[in-house]
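Analysis of the macromolecular model
Each chain, letter by letter, is given below.
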Amino acid sequence: MNGTLIVAEHLRGALRDITGELVTAAQHLSQPVAVAVIARDASRFDANFQGVDEIVNVPVEQDEFESDVYQGAVEALIAEREPQAVLLGFTVNSMGYGPAVAVKLGLGFASDVHGLARESESLRATRSFYGGKVDAELEFPAERPVLLLIRPTAFALAATGGSASKTDFSVELPASRARHLEFEEAAVGDVDITTAEFLLSIGRGIGGEEAIPQFEQLADKLGAVLSVSRPLVDAGWMPNARQIGQSGKTVKPKVYLALGISGAVQHLAGMKTSGTIIAVNTDPEAAIFNVAHFGAVADLFDVAEELDKLS
Ligand SMILES: Cc1cc2nc3c(=O)[nH]c(=O)nc-3n(C[C@H](O)[C@H](O)[C@H](O)COP(=O)(O)OP(=O)(O)OC[C@H]3O[C@@H](n4cnc5c(N)ncnc54)[C@H](O)[C@@H]3O)c2cc1C
């Protein structure tokens, strides 16, 4: 067993940032580091980050991600190369096939990993539980290979301009059971929250749909744009275009005011790099306070009332 194998992610012809983040994460792990690029024309992606020793181009029929294709290709790569560690992004793509590969090949496994440390006898991976309220350290014995799903943005993006060698790896794959047909553009909606400088963001703490007009009016008064956490979209109270987070929009406003949002990792993934984060929550242990610059343990309706008086 040797080295670390990274599986690159790309979308619509561009490498996703998570690939470079996995390269940084891999510096904590067994060397050398190989990046597998699975695509019809894998050579057009530049995965030559500093810290990568080898780029393995895996030509397949499809250009875009298909779960079966990735699973088959990654299994074949692992069988041939026997890496000590396999790193995938904790992303919608990898969450589907990554655990299946680990189970099938008997690899140690952890998802949502945001910290890594290699010790002489073991590998330590830190991951979150309970919406980011608890971190757990998992220890894997050094002699057992592992497959880890790494949280996006947890590691810095590696610099480009590396000196990796390039190899090709061909694999015979059965026909994919689910084909990627096309991308359908999501409606931009009435407003583009990604360009707003001040977001007033509301979560499940508002209680019910009947409260939404109050916050629409408050946002107007404050000169803010209203955004929401996912449960409000799932409930059909607000359009998808207003959702912040991993499965919504990533934003970086100057001010992010979060009312009644717990701060689940999937939400934080979309807003934690905002300029100034202000959180209001009745729960002093809410994870949103871990990223907030200013926080109030208070009832959001009391705060809304005071803000309404000011504006
Ligand atoms: C694959 C996947 C993708 C996901 N993608 C996203 C995503 O893109 N965006 C997203 O937001 N979530 C996403 N989620 C869901 C996420 O895990 C959380 O469930 C969600 O963010 C919780 O939303 P919330 O904070 O509004 O609700 P809750 O977690 O229910 O939190 C409500 C908060 O309001 C507080 N509260 C209650 N009443 C009051 C009051 N009167 N005053 C002040 N505070 C109050 C509570 O203390 C609590 O902290 C995703 C989940 C999965 C599995």
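Within each chain, residues carry numbers counting from 1 in the order of the written sequence. Local features in this predicted model are restricted to residues whose pLDDT is 70 or higher, and side-chain atom pairs enter the listing and the counts only when it is 80 or higher, whereas totals over whole chains, interfaces and linings include all residues. For side-chain calculations, the full set of non-hydrogen atoms in the structure is used, while hydrogens and water are omitted.

A few words on the pattern of salt bridges. A carboxyl oxygen of Asp or Glu within 4 Å of a side-chain nitrogen of Lys or Arg is what we treat as a salt bridge. The full count for this structure, using the stated rule, is 15 salt bridges. A single network of salt bridges, built from pairs that share partners, joins E119, R124, E137 and E139.

Right, let's talk about the site of the ligand for a bit. Near, as used in this document, describes a residue that has one of its heavy atoms within 4 Å of the molecule or strand being considered. Taken together, 24 residues sit near the ligand, with S229, I244, S247, S262 and N281 positioned nearest. In the model, an oxygen atom of the ligand is placed 3.3 Å from a nitrogen or oxygen of the G248 main chain. Pairs of N or O atoms within 3.5 Å make up the polar contacts considered here, provided that, within protein, one atom can donate a hydrogen while the other can accept it, and that residues adjacent in sequence are counted only when both atoms are side-chain atoms. Within the side chain of H267, an N or O atom sits 2.8 Å from an oxygen atom of the ligand. Expressed as a share of its isolated accessible area of 990 Å², the protein-covered part of the ligand is 74%. Only the protein chains shown count as cover for residues, and all accessible areas are computed by the Shrake-Rupley method using a 1.4 Å probe.

The next point concerns the sheet that holds strand β16 (residues 294-297). To summarise the sheet geometry, strands pair through backbone hydrogen bonds and adopt either a parallel or an antiparallel arrangement. Pairing between strands requires that DSSP locate at least two bridges from one strand to the other. Helix numbers and strand numbers start at the N terminus; a helix is a DSSP run of H or I with at least 4 residues, a strand a run of E with at least 2. Overall, parallel pairing links the five strands, which are arranged β13-β12-β14-β15-β16 in an open sheet. Two strands in the sheet have a free side with no partner beyond their single neighbour: β13 (225-228) and β16. Looking at each pair of strands side by side, their axes are set apart by 15° on average, direction ignored. Of the pairings in the sheet, the one linking strand β15 (residues 276-281) to β16 comprises four bridges and is parallel in character. Within β16, the position partnered with I278 by the bridge is F294. What makes two residues a contact is simply this: any of their non-hydrogen atoms within 4.5 Å. Every axis corresponds to a line fitted to the C-alpha atoms, with the helix fit spanning only the stretch in contact, and the corresponding angles, defined between N-to-C directions, vary from 0 to 180 degrees. Helix α4 (residues 212-222) contacts β12 (198-202), β13 and β14 (255-259) of the sheet and is inclined by roughly 165° relative to β12.

The subject of this paragraph is the pairing of strand β4 (residues 33-39). Relative accessibility thresholds used throughout: buried, under 20% of the residue-type maximum; exposed, over 50%; partly exposed, between the two (1.4 Å probe, protein chains only). Counting buried residues in β4 gives seven out of seven residues, a clear majority hidden from the surface. Residues V33, V35, V37 and A39 line one face of β4 and the alternating positions A34, A36 and I38 line the opposite face, and both faces are buried. Bridge analysis of β4 against strand β5 (residues 54-59) gives six bridges, and the strand direction is parallel. Counted as the bridge partner of V37 is N57 from β5.

Here the bend at a residue means the angle between the axes of two seven-residue stretches, the one that ends at it and the one that starts at it. Remark: the principal bend of helix α3 (residues 92-105), roughly 25°, maps to G98, with a proline, P99, within the next four residues. By the burial criterion, the buried members of α3 are S94, Y97, G98, V101 and A102. Buried residues along α3 sit against β1 (4-7), α2 (67-81), β6 (85-89), β7 (108-118) and β10 (146-150). A positive backbone phi angle near 65° is found at G106, which sits one or two residues after α3.

With that settled, the discussion passes to the sheet that holds β5. Within the open sheet, the nine strands sit side by side as β9-β8-β7-β10-β6-β1-β4-β5-β11. Their pairing is mixed. Pairing within the sheet leaves two strands with one partner each, and these edge strands are β9 (134-141) and β11 (165-168). Taking each pair of neighbouring strands and ignoring which way they run, the sheet shows an average axis angle of 35°. The strands touched by helix α1 (residues 17-26) within the sheet are β1, β4, β6, β7 and β10, with β6 carrying the most contacts at an inclination of about 150°. In this fold α3 packs onto β1, β6, β7 and β10, with an angle of close to 165° to the strand it touches most, β10.

With that out of the way, let us pick up a nonpolar patch on the surface. There is a patch of nonpolar side chains on the surface, built from F129, Y130 and V134 and spanning about 320 Å² of accessible area. For V134, the location among the structural elements is in strand β9. Note that patches include only residues with greater than 30% relative accessible area and no salt bridge, and the join distances are 9 Å for like charges and 5 Å for nonpolar side chains (Val, Leu, Ile, Met, Phe, Trp, Tyr).

Next up on the list: the pairing of β13. Relative to β13, β12 runs parallel, the two sharing four bridges. Across the sheet, S201 pairs through a bridge with S227, a residue of β13. The handedness of a crossover follows from its direction of travel: if, with the strands pointing away from the viewer, the path from the first strand over the helix to the second runs clockwise, the crossover is right-handed. Note that the unit made of β12, α4 and β13 has a crossover that is right-handed.

As far as function goes, none of this settles anything; it's purely spatial.
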